[in-house]
Structure formats: structure tokens, C-alpha cells
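# Structure assessment
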Amino acid sequence: MKTTFLLAALIISMVLAGCQPSASTGVLTTATSVVPPTAAPAATATPAATDSPGKPVVTSTAVTAAPSTGLPGSSLFEVAWDDRSPFAAGLVTGQQAVLEQQPGASVYHLDVALSDDMTTVHGREEVRFTNTEDVPLDSVVFRLFPNLTGGSIAVSGLTVNGQPVEPIYSLEDSVMTVPLSEPLQPGQQAVLAMDFDVVVPTDPETSNYGTFASFDDVLALAHFYPMIAVYDDEGWNVEIAPPEGDVVYADSGYYLTRITLPDEQVLVASGVTLDESRKDGQQVVTVAAGPARDFYLAASDAYQVVSQQVGETTINSYAPRSLQRGSGEVLDIAAAAMRSYEDHVGPYPYTEMDLVSTATSALGVEYPGIMALTSRIYDGQYQQYLEATVAHEVGHQWFYNVVGDDQLDDPWLDEALTQYITLLYFQDRYGEEGYDGFHQSLESRWDRVNDEAIPVGLPVAAYSEGGEYPGTYGAIVYGRGPLFFEALAQQMGQDEFDAFLRDYYQTFSWNIATTEGLRALAEKHCGCDLEQLFADWVYPK
Ligand SMILES: [Zn+2]
């Protein structure tokens, strides 16, 4: 979820009162490289990758065999739907086995072209969907988020296994239901293909916190393509998100994306670049990301990058030249946070982590492998929010991306846990003083609702206007929520809790966690009954 200025203001000033950001965070270290946008890596693509109107290859090792399932192959890439070798480069050595898991994860092939003025996107999407449920499905449901976030997306030429289909639109055209001519049985697959055209808003204030906007020389492209919704115990689980929270609830999938954009733009995206070429004032970049819950990209002709290596992962911080000092700090904090979360929770899965300065009016928003931060924390009046914001958004890579959750119905599973591990970051980095400072900030959030025992485990809507506890989302989910995990650790015993946290991450990796799943695993670790604790802190009254 996004952290907003309003929610964060009081708290983070308390953080800073408790722990001074280290002077060492502000400088570019010798391990840091500054690469001007024009010095991007040389194109490595074969001419066939971009010049041919046919099927460009992705890698020299790409499998080109036709799928044996009788499904249409991809028209965009010479890669079999089941071939996950393009995604190996994006995963650290210890995570390669993930590629063998979840054979039913959706495989997205995207080909998108950004207009010269960076305000429209023309795209083609082909996605191989597998029915991983235990019931037949008579439709596949997509979300069209640009229709909710201040812009628009229009789909045309929709086909299922090559046959034209007319979709049905609902929820302010943010839901596109694709009827199937016969139900898709459990384990069966279908290839859905479509063209889409996106108009990107140019006013960040009216475009979902500027997370989907072309503004101030930065294109921020959040959830811009047709995304398959989650089918769960509610069926196809779709709703319009309240403004306080995140809009997306998604399964993990695999994204192979080719992006064509003006040559002078510096592109930053989920995943890793497989190849890149430049011609006639355009660049064509092929990116592989997965497993991942979304595919995000940002671009700007002003971006410069500073980088650091942590283990097998390259961390990149992108910001305009004028914000380079802040960008170096962002990089150092992200590196320290990554080490801290790997120690306490488990491995970061990817070989790349990107942080980008954007015009978002939130402090920061998380996407798979990439985090969008507001340019206003890099310098100037909001700089004091920088450290807690970066540590928080980096934490979402563990809780939101690897361990997913219904961000609309169970926001505490990612937000409260992310706040809790942010507390561990401050403790690791600054000792007791750091812990006390951030802890005070959590307490003062909860103080804003007079420490009322409002449950932490409710849907965003319950804390929103018209809900049971209006106006309490930040105080409860971001403030009381992380304090619950302290109470849980106290009841379980710290060692048991620490083992539980690692196991929870491992158990729910690339899946959707639930409140009951979390509780059951915690009870298994402590051999205790947590009914009363959950009743006191989590469950609806
Ligand atoms: Zn968050």
C-alpha cells in the first residue's frame, strides 16, 4: 500500500526525533556507479529481435517448440508458454527452483509502444491462463484499472484460443468479463489475446496519487494493461478499491514484455532486461519479470542511476540529476533494508531491485521489484520522510509481492507486517535508539484514535468513509497492526516468533496469505491457542 503524507507526517517526525539518519547515508560510496542516461548498456539484441515484423527471439536459448497442448502459440515471442528460461536471469541462484513451481501461473506476453509525448500506450497482450481452481470456470475476468485511475483503457480484437469473443464490462468499465464458449475445466488452459489502447492522465492529483500519470517529465505506468483478476473463495474477486488503499489484488504470474519508446527515455521496469536495441529514434527493450504480481514501468529522459550490489542483487536508484544526493541515500537505505529483511524474513528473490523518483502524491508505492517514491522526499520539505518510506516500500517486496494478500480485504497482512519489519530495520541499523524512535511513531499513530481497540484485520472499506471505523485506516493498520506482531511475539516467545516469521514467508511464497493461514501457522509454532489474542487485536468485534 501507499504511504500518504497525511498518514506519515506526525509519525516520521517522531522517528527522526528518536534516531538520527546516519551521516553515511547521504554519500555515494565507491561501490556506487553513476551512469548518465545516454550511457545505457549497448544494444545486445540480434537484428531479428527488433527489425523483423515477425516473431523476434528473446534469448538464444529460447525454446521455439510449439506447445503440445493444442493452444495457440504466442505471436509476440518465440517462446513456448511453458518455457520459463527467460525468467531465470531475474532470479537469484537460490530461487531458481521457483521456476519449476506453480505451472498454472498466468503467462503474460506484452508488446507495448509508448507515444513520443509519453501520454498514450498502444499494446498487444497475449496471456496463457490456467484454471487452477477445483471448479470449472465459465469466464475469465480481467481488471482494466486505467478506467478507475484517471485515464482510460480500451480493449479491441479480443480472442479466446483464436476465436473472437465479445466481452462484458462492469464496475465502471474496470472489469472485463470474457465469456468462454464452454467451461474451462480444472487444469485446462486458454490463450486470451487482445489489443489495448491506454490514455495516461497528465494530472498527478487526479490519477490515483499520481501512480499512473505522465507528469513532470516522468511517466509512471501502474497496472496499465488488462490484468487477470483473482478467483478465490468469493469467486472472481473484483471490487472498486476505497481511495485509502491499494487497488490491486493479484496472483503471481510471468511477464515477458517488449517496450518500444523514444530513444532519449530511460526505462525502468519490473524484472530484468533481456535485450535492447535502438533504431530511428526509438529503442526496443525486452524485459522478463516473474514470478511477480504485476508489471510496472517508469520512464524519464531526466533519470540518472546509481547502483549498489547486495549479494547477487543489483539495487538501482533512479532520479533526475537535481535529486542525486537523495537518490544516493535512497540506495543506501534500500541496501540496508534488504540485508535486514533477508536476515529476519528470508531471501529477496530477484537479481534486480529498482527505486524510482516519480511525481506520486503518496510518499511511496510498491510494485514487484520496483518501488515508486515521490520526488518530494529526495530533497526539500519532505526529506525527513525518506528513510522510513524507503524501508517500508522495500519491505513490501517480502509482504505484498512474494507473500501476496487481498490488499482490499486483508490490508493488514502486507501493511502491518511491512511496518513491523520496518521496525526491525531501524533496530538493526540504529540499535535501541532506532527501535524506540520508530516504535514511538507506531504508538503515536494509534494514539490518533485514542488507542481504541479497533480490529487491525478488517477490509480497507471498514476504515473508510461509510465504514464502521471511518478515518482510522492509517492509525490502525499502520500503527496498531505492527504492534500486534509485537504482542504475538510476546505470547509465542521471541524465538518461536522469529522462526514463525521465516516459515510464514516460505510457506506463502508466491501465494495468497490469509488471516486464518497466518494464525494456524503461528499456533503450530507455539503449540498454543491464539484465539483470544486474535479476538483482542485482529478479528471484527
Ligand atoms: Zn505500504
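This report concerns the structure included in the present document. (Residues numbered from 1 in each chain as written. Predicted model: local features only at pLDDT ≥ 70, side-chain atom pairs only at ≥ 80, totals over all residues. Heavy atoms only, no water.)

Regarding its fold elements, the protein chain presents 8 helices and 25 strands. Residues classed as buried in the protein chain amount to 61% of the 541 residues present. Here the contacts in the protein chain between residues at least 6 apart in sequence split such that 71% fall between residues at least 24 apart. Of the accessible surface of the protein chain, which amounts to about 19,500 Å², a share of 51% is contributed by carbon and sulfur atoms. (Helix = DSSP H or I, 4+ residues; strand = E, 2+ residues; numbered from the N terminus. Buried < 20%, exposed > 50% of the residue type's maximum accessible area, 1.4 Å probe, protein only. Contact = heavy atoms within 4.5 Å. Areas by Shrake-Rupley, 256 points an atom, 1.4 Å probe, with all protein chains shown as cover.)

This part takes up the side chain of Ser300. Residue position: Ser300 is located in strand S20 (residues 297–300). Note on Ser300: relative accessible area 1%, which makes it buried. From its side chain, Ser300 meets the backbone oxygen of Asp217 in a polar contact 2.7 Å long. A polar contact of 3.0 Å, which involves the side chain of Ser300, links it to the backbone nitrogen of Ala302. (Polar contact = N/O pair within 3.5 Å; in protein donor to acceptor, adjacent residues only side chain to side chain.)

Bringing a negative patch on the surface into the picture now. A surface patch of negative charge is lined by Asp116, Asp117, Asp216, Asp217, Glu264 and Asp301. With respect to the helices and strands, Glu264 occurs in the loop between strand S16 (253–262) and strand S17 (266–269). (Patch = residues over 30% accessible without salt bridge, like charges linked within 9 Å, V, L, I, M, F, W, Y side chains within 5 Å. Salt bridge = Lys/Arg side-chain N within 4 Å of Asp/Glu carboxyl O. Lys, Arg positive; Asp, Glu negative; His and termini not counted. Charge placed at Lys NZ, Arg CZ, Asp CG, Glu CD.)

This part is about the state of the cysteines. Within the structure shown, the criterion is met by 1 disulfide. Each sulfur in the disulfide pair Cys526 and Cys528 lies 1.8 Å from the other. Because the sign of the S-S torsion sets the handedness, a value of about -80° for the bond joining Cys526 and Cys528 places this disulfide among the left-handed ones. (Disulfide = S-S within 2.5 Å.)

Turning our attention to unusual backbone geometry. Backbone torsion omega between Gly290 and Pro291 reads -5°, so that peptide bond is classified as cis. Relative to the elements of secondary structure, Pro291 occurs in strand S19 (residues 282–292). Of note, Tyr400 is a non-glycine position whose phi angle comes to about 150°, a positive value. On the secondary structure map, Tyr400 appears in the loop between helix H3 (386–395) and helix H4 (411–447). On the basis of relative accessible area, Tyr400 is assigned to the buried category, the value being 5%.

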